[in-house]
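# Residue-level structure breakdown
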Amino acid sequence: MAPVKVFGSAVFANAARVMACLEEVGVEYEVVEVDYMAREHKGLKHLARNPFGQIPAFQDGDIMLFESRAISKYVLRKYAKSAQDDLLREGNPEEAAMVDAWTEVEAHHYFPAMAPIFYECVVYPARLGTVPDQKIVGESLEKLRKVLDVYEAHLSRTKSKYLAGNFFSFADLNHFPFTFHIMTATPHASLFDSYPHIKAWWARVMARPSLKKISTHMEIKP
Ligand SMILES: N[C@@H](CCC(=O)N[C@@H](CSO)C(=O)NCC(=O)O)C(=O)O
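About the criteria used
- Residues numbered from 1 in each chain as written.
- Predicted model: local features only at pLDDT ≥ 70, side-chain atom pairs only at ≥ 80, totals over all residues.
- Heavy atoms only, no water.
- UniProt positions renumbered as here; feature names shortened; annotations may be inferred.
- Helix = DSSP H or I, 4+ residues; strand = E, 2+ residues; numbered from the N terminus.
- Rg over C-alpha atoms; globule rule 2.2 N^0.38 Å.
- Buried < 20%, exposed > 50% of the residue type's maximum accessible area, 1.4 Å probe, protein only.
- Contact = heavy atoms within 4.5 Å.
- Areas by Shrake-Rupley, 256 points an atom, 1.4 Å probe, with all protein chains shown as cover.
- 1 Å grid on protein atoms, 1.4 Å probe; cavity = no way out; pocket = protein on both sides within 12 Å on 5 of 7 lines; lining within 4 Å.
- Points joined across faces, edges and corners; volume = space filled by probe spheres on them.
- Near = heavy atom within 4 Å.
- Polar contact = N/O pair within 3.5 Å; in protein donor to acceptor, adjacent residues only side chain to side chain.
- Sits in = over half its atoms within 2 Å of the grid points.
- Nonpolar A, V, L, I, M, F, W, Y, C, P; charged D, E, K, R; others polar.
- Pairing = 2+ DSSP bridges.
- Salt bridge = Lys/Arg side-chain N within 4 Å of Asp/Glu carboxyl O.

As recorded by an unreviewed UniProt entry, the chain carries the name glutathione transferase and is attributed to Setaria italica. Recorded in UniProt for the chain, the comment headed Catalytic activity (unreviewed entry) runs: "RX + glutathione = an S-substituted glutathione + a halide anion + H(+)".

Here's what the structure looks like:
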């Protein structure tokens, strides 16, 4: 069986999300580079993989997928070898509902607040040589504080080690790529110092061997 293919390296945060899932379930995969600066992701070849011309795309035999969260759930669903591996918790509807809820929270509340900080402080300086627009960064930090207030209250009230319960799940993993960049590549990691439960949660998440491994390939260099 040919290894599955991820189109786009771990330098691309959304590709890193997919690779973290592949590492979690222990599936062999091939990384196919996509030359962003040469706009290869907008070329016909990649558009056939991802009609939005974005990175990543994912191939498993005859299947070609796009949208990293959907790819990730496919990988976890298809290749989980045991209940322990089942990061979607689909054997338990209540647990799966909590995983789904906090996965949605990441996509609709957390990421939209965090993304402008990531792009202004990490991506644009590295790829375009710009300086961060502090008005955009300031407004996004304020939005992110309001989201983190909810996370902190949730973790404090439930006393759960992880977002969906006392088990690591895709809901936690889903937060990895962009949070990692904020924590390591921007001056704004200190934002999390006001949130002890979130900081403890993040330390537990980053203790995962899968995430430690992928994180070593994520640095976005100019
Ligand atoms: N919702 C999609 C977003 C992909 C994306 O923005 N990819 C970026 C690079 S990775 O951060 C990208 O391709 N940017 C170029 C573009 O959007 O044109 C997903 O999760 O797969």
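Further notes follow.
## Some points on the overall build of the chain
Counting its regular elements, the chain contains 9 helices and 4 strands. Beginning at the N terminus, the succession of helices and strands in the chain can be written as β-α-β-α-β-β-α-α-α-α-α-α-α. Its C-alpha atoms give the chain a radius of gyration of 17 Å, within 12% of the compact-globule value 17 Å for 222 residues. For the chain, the C-alpha atoms occupy an extent of roughly 45 × 45 × 25 Å along the three principal directions. In the chain, which comprises 222 residues, the proportion classed as buried is 50%. When contacts within the chain are restricted to residue pairs at least 6 apart in sequence, those whose partners lie at least 24 apart make up 65%. Accessible area for the chain stands at about 10,800 Å²; split by element, carbon and sulfur atoms hold 57% of it.

## Examining the layout of surface pockets
By volume, the largest pocket amounts to about 570 Å³. What lines the largest pocket is a set of 25 residues, among which Asn14, Tyr36, Gln54, Ile55 and Tyr119 lie closest to the centre. Where the lining of the largest pocket is concerned, the elements lending two or more residues are α1 (13-25), α3 (68-79) and α4 (93-128). The dominant element in the lining of the largest pocket, judged by the number of residues it contributes, is α4, at 7 residues.

## What about the UniProt feature "domain: GST N-terminal" (unreviewed entry) in the chain?
UniProt's feature table lists "domain: GST N-terminal" (unreviewed entry) at residues 2-83, given in the numbering used throughout. For the annotated span residues 2-83, helix accounts for 35% and strand for 20% of the residues, and the straight-line distance between the end C-alpha atoms is 25 Å.

## Observations regarding the site of the ligand
Close contacts around the ligand come from Phe12, Asn14, Tyr36, His41, Lys42, Gln54, Ile55, Pro56, Glu67, Ser68, Arg69 and Tyr119, and that covers them all. Taking asparagine 14, its side chain carries an N or O atom lying 2.9 Å from an oxygen atom of the ligand. For the ligand, a nitrogen atom lies 2.7 Å from a polar atom in the backbone of isoleucine 55. If the ligand stood free it would expose 520 Å²; the protein chains cover 80% of that surface. Here the ligand occupies the largest pocket. Per-class residue counts for the shell around the ligand are 5 nonpolar, 4 polar and 3 charged.

## Focus on the pairing of strand β1 (residues 4-7)
Sheet topology places β1 next to strand β2 (residues 29-32); 4 bridges connect them, and they run parallel. In the strand pairing of β2, valine 4 is matched with tyrosine 29. Bridge count between β1 and strand β3 (residues 57-60): 3 bridges; the pairing is antiparallel. From the neighbouring strand, valine 6 faces β3, where its bridge partner is phenylalanine 58.

## With respect to helix α7 (residues 176-185)
Among the 10 residues of α7, 8 are classified as buried, and the element is accordingly described as predominantly covered. All buried positions along α7 are accounted for by Phe176, Pro177, Phe178, Thr179, Phe180, His181, Ile182 and Met183.

## Examining the pattern of salt bridges
Throughout the structure, instances matching the rule amount to 12 salt bridges. Taking the shortest distance from any N to any O, the salt bridge between lysine 78 and aspartate 60 comes out at 3.1 Å. Placement of lysine 78 in helix α3 and of aspartate 60 in strand β3 is noted, with a sequence separation of 18 residues between them. Looking at lysine 78, the relative accessible area reads 44%, which means it is partly exposed. Taking the relative accessible area as the measure of exposure, aspartate 60 reaches 4% and is therefore buried.

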